[in-house]
There are 2 protein chains.
Amino acid sequence: MTDFESLQREYVQLLIREGVNLQPGQRLVLSCPVEQAAFARLCAAEAYSAGCSEVIMNWSDDALARMKYLQAADSVFDECAPWRALLYNSTAEEGAAWLFIDCDDPELLHGVDPDRIRRSQIASGKALKTFRELETSNAFPWCVAAIPAPAWAKKVFPDLTEAEAMQRLWDEILKSARCDSGNAAARWRAHSDALQDHIRILNDYRFRTLRYRNALGTDLTVELPDGHFWAGGREKCTANGLLFSANIPTEEVYTLPKRDGVNGVVYASKPLSHNGNIIDGFRFTLKDGKIVDVHAERGEEILRNAIAVDEGAAYLGEVALVPCDSPISNSGILFFNTLFDENASCHFAFGEAYPCIEGAETMSRDELKAHGANQSITHVDFMVGTPDLSIVGITHDGREIEIFRNGNFAF
Amino acid sequence: MTDFESLQREYVQLLIREGVNLQPGQRLVLSCPVEQAAFARLCAAEAYSAGCSEVIMNWSDDALARMKYLQAADSVFDECAPWRALLYNSTAEEGAAWLFIDCDDPELLHGVDPDRIRRSQIASGKALKTFRELETSNAFPWCVAAIPAPAWAKKVFPDLTEAEAMQRLWDEILKSARCDSGNAAARWRAHSDALQDHIRILNDYRFRTLRYRNALGTDLTVELPDGHFWAGGREKCTANGLLFSANIPTEEVYTLPKRDGVNGVVYASKPLSHNGNIIDGFRFTLKDGKIVDVHAERGEEILRNAIAVDEGAAYLGEVALVPCDSPISNSGILFFNTLFDENASCHFAFGEAYPCIEGAETMSRDELKAHGANQSITHVDFMVGTPDLSIVGITHDGREIEIFRNGNFAF
């Protein structure tokens, strides 16, 4: 086994053992592009050696996906096949683990009719509602992780040959997952535990409002719901009580904003690859939580469609803090992939909120909404952190506490 | 485009236009191994250019299938996932076209517990009952066709390098589909029409009984049901009335035997690759239609399990005539793949009967059974033709007509 193969093997072990924390007798659903079948087989072998009852493959293919968007009958974009909905919803309900292997071409759907993308998202959003709600509430263990693919690698490293770009992207992925020098699982747990330090401080303050400002033009106040808490790193699956890592890598601590309590202007600090299209140079104006104005230098129609898939898509659902000196950020690389770019930058998401509210596990959807959690079939992260970002927290008794100074935690 | 690419393109066109005869607005389900994604994309592109509303992929992977049989929990072999059943049954019910790309490793499941294979077959047989019945009665257009894969090609041509074996297998596949020298669709239609000559003669005689004999030891009488007819070549889809080709290649004319009217001994003349295992040197003894004795030099347990998946699996469901001087037979190649080997040899199948009975389209399953059609969740062809095979037909008025002499049609 070469050094690289041995690092890759450690990465696979990390995804199965720490990512979804697969247990004996549990099913694993593996979402993977057909081009990456060799990697899928490594994951499946590791899963079976962990006692997996059955690996179910959920294959995809970029080329066929693009062909469908360009050439299929218009009516199919208002449908999500019932068998597909059943695959997602039934495995989520039984508590199967889901591992998503992400290597999307950031511009896969460039030139596709944005309305087809929007309608398709609405259709699958409705059909996979059960799956999404169980995922968001950690009712089953899930993990999103990446491996390189040629189109993505060349987008990130356009000056390298394809082979060099692939190897370089592998290096960055393995490094970000702490799989670059042995002992990956222990290092991953230590990293996850380290995120708890900031979480504890933030939870002690229980801020009422956060105020974001930077030279890019961001000037935003974000109210936080009563009873909110900050989370990050490994999370607890509500079905089996075990810790899993929903994202590998992860550098963020996050909570949810109060649905109708966000006001001001926020500027994106990185381009966003969303649904196979790049959106860049964009800003939102929000009033009482709702995005009331949108501008983008590139991909504005895609962005407008993305916040129009349902009512909740135009409200925020996540507030996440990532210091500028995080490892991914320090690499200086623009990944055109949210899994990495969100972990190099403070970000928000528009759409469905993570239910980071005390007692959420016993609340109905209506009760969660009444507590200020936004609801939507979508959830899209966008990056806002800059090296000059300032975030001030205002407590319920009116104290102003510096949280971020010059893009990094102030405490 | 190279010559080979151009032949391959003609093959793809043949599969889409003549194989499933895809119509505008119709869905196509494409069953294909992930390793053959490039070929699947060619088929999808051709389908969309024929007006296909949507291509649905039904991916498989040999390595993961084998891994599952060897390592998954024992209970999963008694299940067929409901979402999988819904994919098959719902697309069959809507009249979608199904194209099966076959390149199975003939020994994929060698060493796997035969009981797991049997139970898995029973589970999927029950769950996909609707699909199988609609397929057998041509209620939707379907086509099984092959492309080479390394494991299969090396099994067929063990003395060639992998690349040579792949190319050689491509050559044989393209030749058998009449895609070796241009004008493939017209040649395919002419070939299909030529099969009608023997069908007309056989249908005029309406034989009561067929008697098979050869030096291998076969001595079998096969009663045919009243109202049976012979078929072959292109067939009519009952949903849209259009002709499709269920097998590419095909050289057979076939009908069904009377369920309880088969008696004697029949020897296989070629090995059979079934469910990823090779069965060789085998014979059946039949009494009143039922297989009452089985012997195989290799794979006997696999064979015993195959005829035990349900009651009908031990009765015959197909009688097919293929002359020894058919093109595939003349190649002298043993393909270890039923799609080819069945078209180089007279064969029978055990399991579900094709409903080749006048008026079948308006009969219930019970009525078909009363007419002598065998019913089962399985249907497995096995080859019995030899260069000395004699088949005599006995008419209802007692005349004896020579049908096959020395392995070829006598008329």
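Residues numbered from 1 in each chain as written. Chains lettered and ligands numbered in written order. Predicted model: local features only at pLDDT ≥ 70, side-chain atom pairs only at ≥ 80, totals over all residues. Heavy atoms only, no water.

Caption draft 1: Up close: the sheet that holds strand E11 (residues 253-255) of chain A. Residue and element names in this part refer to chain A. Spatial ordering of the open sheet is given by E7-E11-E16-E17-E18, a layout of five strands whose pairing is antiparallel. Either end of the sheet is taken by a strand with one partner, and the two such strands are strand E7 (231-232) and strand E18 (379-383). Here three bridges tie E11 to strand E16 (residues 316-321), and the two strands are oriented antiparallel to one another. Bridged to tyrosine 254 within E16 is alanine 320. (Pairing = 2+ DSSP bridges. Helix = DSSP H or I, 4+ residues; strand = E, 2+ residues; numbered from the N terminus.)

Caption draft 2: Examining the relation of the copies chain A and chain B more closely. Once chain A is rotated about the relating axis by 180° and shifted along it by 0.0 Å, it coincides with chain B to within an RMSD of 0.0 Å. Those values place the two copies in the arrangement expected of a two-fold rotation axis. No C-alpha of chain A approaches the rotation axis more nearly than that of Trp83(A), which lies at 2.3 Å. Taken as a fraction of all interface residues of chain A, those also at the interface in chain B reach 100%, which identifies the copy contact as same-surface. (Least-squares fit on C-alpha atoms with pLDDT ≥ 70 in both. Contact = heavy atoms within 4.5 Å.)

Caption draft 3: Representation of the interface of chain A and chain B in the model. Of the residues lining the interface, 29 residues belong to chain A; the matching set on chain B comes to 29 residues. Carbon and sulfur atoms supply 68% of the area buried between chain A and chain B, which totals about 2,600 Å² over both sides. Of all residues in chain A, Arg41(A), Tyr48(A) and Trp83(A) give up the largest surface area on contact with chain B, accounting jointly for 27% of the area buried on that side. The interface formed by chain A and chain B contains eight salt bridges. In this structure, Lys68(A) engages Glu54(B) in a salt bridge whose closest nitrogen and oxygen atoms are separated by 2.8 Å. In this assembly, chain A and chain B are joined by 10 residue pairs in polar contact (both at pLDDT 80 or more). Per-element accounting of the side of chain A that touches chain B gives the leading share, six residues, to helix H2 (residues 37-49) of chain A. (Buried area = accessible area lost by both parts, 1.4 Å probe. Salt bridge = Lys/Arg side-chain N within 4 Å of Asp/Glu carboxyl O. Polar contact = N/O pair within 3.5 Å; in protein donor to acceptor, adjacent residues only side chain to side chain.)

Caption draft 4: Inspection of the sheet that holds strand E4 (residues 142-146) of chain A at higher detail. The parallel open sheet is built from five strands, whose spatial order is E2-E1-E3-E4-E10 (chain A). If you trace the sheet from one side to the other, it starts and ends with strand E2 (54-60) and strand E10 (247-248) of chain A, each paired once.

Caption draft 5: A look at the pattern of salt bridges. Residue and element names in this part refer to chain A. In this structure the tally under the stated criterion is 70 salt bridges over all chains. Between glutamate 94 and arginine 27 there is a salt bridge whose closest N-O contact spans 2.9 Å. Taken together, the residues span a long stretch of sequence, with glutamate 94 in helix H4 (residues 82-94) and arginine 27 in strand E1 (residues 27-33) at a distance of 67 residues. Note that glutamate 402 and arginine 405 form a salt bridge whose closest N and O atoms lie 3.0 Å from each other. Linked by salt bridges that have partners in common, Asp74, Asp78, Asp115, Arg116, Arg118 and Arg119 make up one network.

Caption draft 6: The arrangement of the packing of helix H4 (residues 82-94) of chain B against helix H6 (residues 129-136) of chain B in detail. All names here are of chain B. Where H4 contacts H6, the two axes come as close as 8 Å, and the packing angle between them is 35°. For the pair H4 and H6, the crossing hand works out as left-handed. Across from Tyr88, Asn89, Ala92 and Glu93 in H4, the residues of H6 making contact are Lys129, Thr130, Phe131 and Leu134. Within the contact of H4 with H6, the residues separate by chemical class into four nonpolar, two polar and two charged. (Axes fitted to C-alpha atoms, helices over the stretch in contact; angles between N-to-C directions. Left-handed = near helix turned anticlockwise from the far one by under 90°. Nonpolar A, V, L, I, M, F, W, Y, C, P; charged D, E, K, R; others polar.)

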